[in-house]
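Architecture and fold: a report
Here is how the chains run, residue by residue.
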Amino acid sequence: MTDDFQAVLDEVMTAVLPVVGQGRVANYIPALAAVDPSRFGMALATLDGQVFGVGDWRTPFSVQSISKVFALALTLARDGDALWRRVGKEPSGNPFNSLVQLEYEQGVPRNPFINAGALVVTDRLLSLTGDSRGLLREFLREESGNASVDFDPVVAASEAEHGHRNSALAHFMASYGNIENPVPRVLEHYFWQCSLRMSCADLARACGFLARHGQGASGRRLLTRSQAKQVNAVMLTCGTYDAAGEFAYRVGLPCKSGVGGGIIAVIPNRCGLCVWSPGLDAHGNSVAGVEALDRFTTLTGLSVF
């Protein structure tokens, strides 16, 4: 085990450079299709406020499904266990935008990190607060220490224009009574949440509350220890789409990926991590990002196991 994190990150970057650029960008969202696949950044934020980074670690990118972690935390903080009556905690085994399971499970999504589950979480947060996207932005500004964190209206519009599958998921769940608000309003907040732009440094800081067992950057308690454990557990088992088992095997950390190429990871009691590289594998996870986290845990010996 080592605490020379800058040296570790330098070594990780050198090792993964040969695979940077592999995979395909998320071209089904036109606003993401133009992102340079050769970008790579990685940051680590310790619980005492130090931040280390390599490559494009200060470059903002589209967080996409990484936002689901923070929306889940905000909803659990307000709704507690009641949320789990509307969304499960099990890995899906199917693609993140699949309609298949919803029909034979009567409109209850398998977990909060597939798109259907995230729509339920957004819907519930909207009911509880009236403004899920605004609350999420303010939360991420506070936890990252970056007041300029904001939405990308071009990405939000692109997702809305091409979000037919998400619309179908939301309408299908509404037919089972599992969506409380008007579907167009839920979709609007969901697309805007996914369009948030943050850097690896921002996200490594922002997920620190999960490494602190629910305590925020200011010292204020955001989640109970039990709730923070729940979020971390669901990240480990469901956070990387239908490749979560392989990811847990290789990396051994609670993680959440997004099709913008980012992956956040939590090391309880130690730090938050974020890696970004836009080239995705067939599951929607960053090729270089997965390799970087695998190398990091191998070099440091840090995992939850």
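Residues numbered from 1 in each chain as written. Predicted model: local features only at pLDDT ≥ 70, side-chain atom pairs only at ≥ 80, totals over all residues. Heavy atoms only, no water.

Taken as a whole and judged by the stated rule, the model has three cavities of 30 Å³ or more. In this model, the second largest cavity occupies a volume close to 40 Å³. Along its surface, the second largest cavity is lined by Ser-67, Lys-68, Ala-71, Pro-112, Ala-118, Val-121, Thr-122, Tyr-190 and Gln-193. Listing elements by their share of the lining of the second largest cavity, those giving two or more residues are α3 (67-79), α5 (115-129) and α9 (183-194). (1 Å grid on protein atoms, 1.4 Å probe; cavity = no way out; pocket = protein on both sides within 12 Å on 5 of 7 lines; lining within 4 Å. Points joined across faces, edges and corners; volume = space filled by probe spheres on them. Helix = DSSP H or I, 4+ residues; strand = E, 2+ residues; numbered from the N terminus.)

Taken as a whole, this structure holds nine aromatic pairs when the rule is applied. Measuring from centroid to centroid gives 6.4 Å for Phe-5 and Phe-296, while their planes differ by 25 degrees, and the two rings are stacked. Note that Phe-5 is positioned in helix α1 (residues 5-16) and Phe-296 in helix α14 (residues 287-300), a separation of 291 residues in sequence. Take Phe-5 and Phe-296: they sit in the same class, and that class is buried. Taking the centre distance of 5.9 Å and the plane angle of 55 degrees together, the rings of Tyr-190 and Phe-191 count as tilted. Exposure class is identical for Tyr-190 and Phe-191. Each is buried. Through successive ring pairs, a cluster of aromatic residues spans Phe-5, Phe-52 and Phe-296. (Phe/Tyr/Trp six-rings, centres within 6.5 Å; stacked < 30°, edge-to-face > 60°. Buried < 20%, exposed > 50% of the residue type's maximum accessible area, 1.4 Å probe, protein only.)

Here Ser-286 lies in the loop between β8 (271-276) and α14. From its side chain, Ser-286 meets the backbone nitrogen of Gly-289 in a polar contact 2.9 Å long. Setting aside anything within four residues of it in sequence, one finds Ser-286 in contact with Gly-261, Ile-263, Ser-277, Gly-279 and Leu-280. (Polar contact = N/O pair within 3.5 Å; in protein donor to acceptor, adjacent residues only side chain to side chain. Contact = heavy atoms within 4.5 Å.)

Right, let's get into the pattern of salt bridges. Across all of its chains, the model carries 17 salt bridges by this definition. The salt bridge partner of Asp-123 is Arg-86, with a shortest N-O separation of 2.7 Å. Within this pair, whereas Asp-123 is found in helix α5, its partner Arg-86 is found in the loop between α3 and α4 (100-104), the two being separated by 37 residues in sequence. Neither Asp-123 nor Arg-86 differs from the other in exposure class; each is buried. Across the salt bridge formed by Arg-250 and Glu-291, the nearest N and O atoms sit 3.0 Å from each other. Here Arg-250, found in helix α13 (residues 244-250), pairs with Glu-291, found in helix α14; they are 41 residues apart in sequence, far enough to count as distant. Taking the relative accessible area as the measure of exposure, Arg-250 reaches 28% and is therefore partly exposed. Salt bridges sharing common partners tie together Asp-79, Arg-86, Asp-123, Arg-124 and Glu-180. (Salt bridge = Lys/Arg side-chain N within 4 Å of Asp/Glu carboxyl O.)

Counted at 1.5 Å a residue, the expected span for α14 with its 14 residues is 20 Å, and the 20 Å between its end C-alpha atoms agrees. Counting buried positions over the 14 residues of α14 gives ten, a clear majority of the element. All buried positions along α14 are accounted for by Ala-288, Gly-289, Val-290, Glu-291, Ala-292, Leu-293, Asp-294, Phe-296, Thr-297 and Thr-300. Residues of α14 that are buried sit in contact with α1, β1 (41-46), α13, β6 (255-257), β7 (262-267) and β8. (Expected span 1.5 Å × (residues − 1).)

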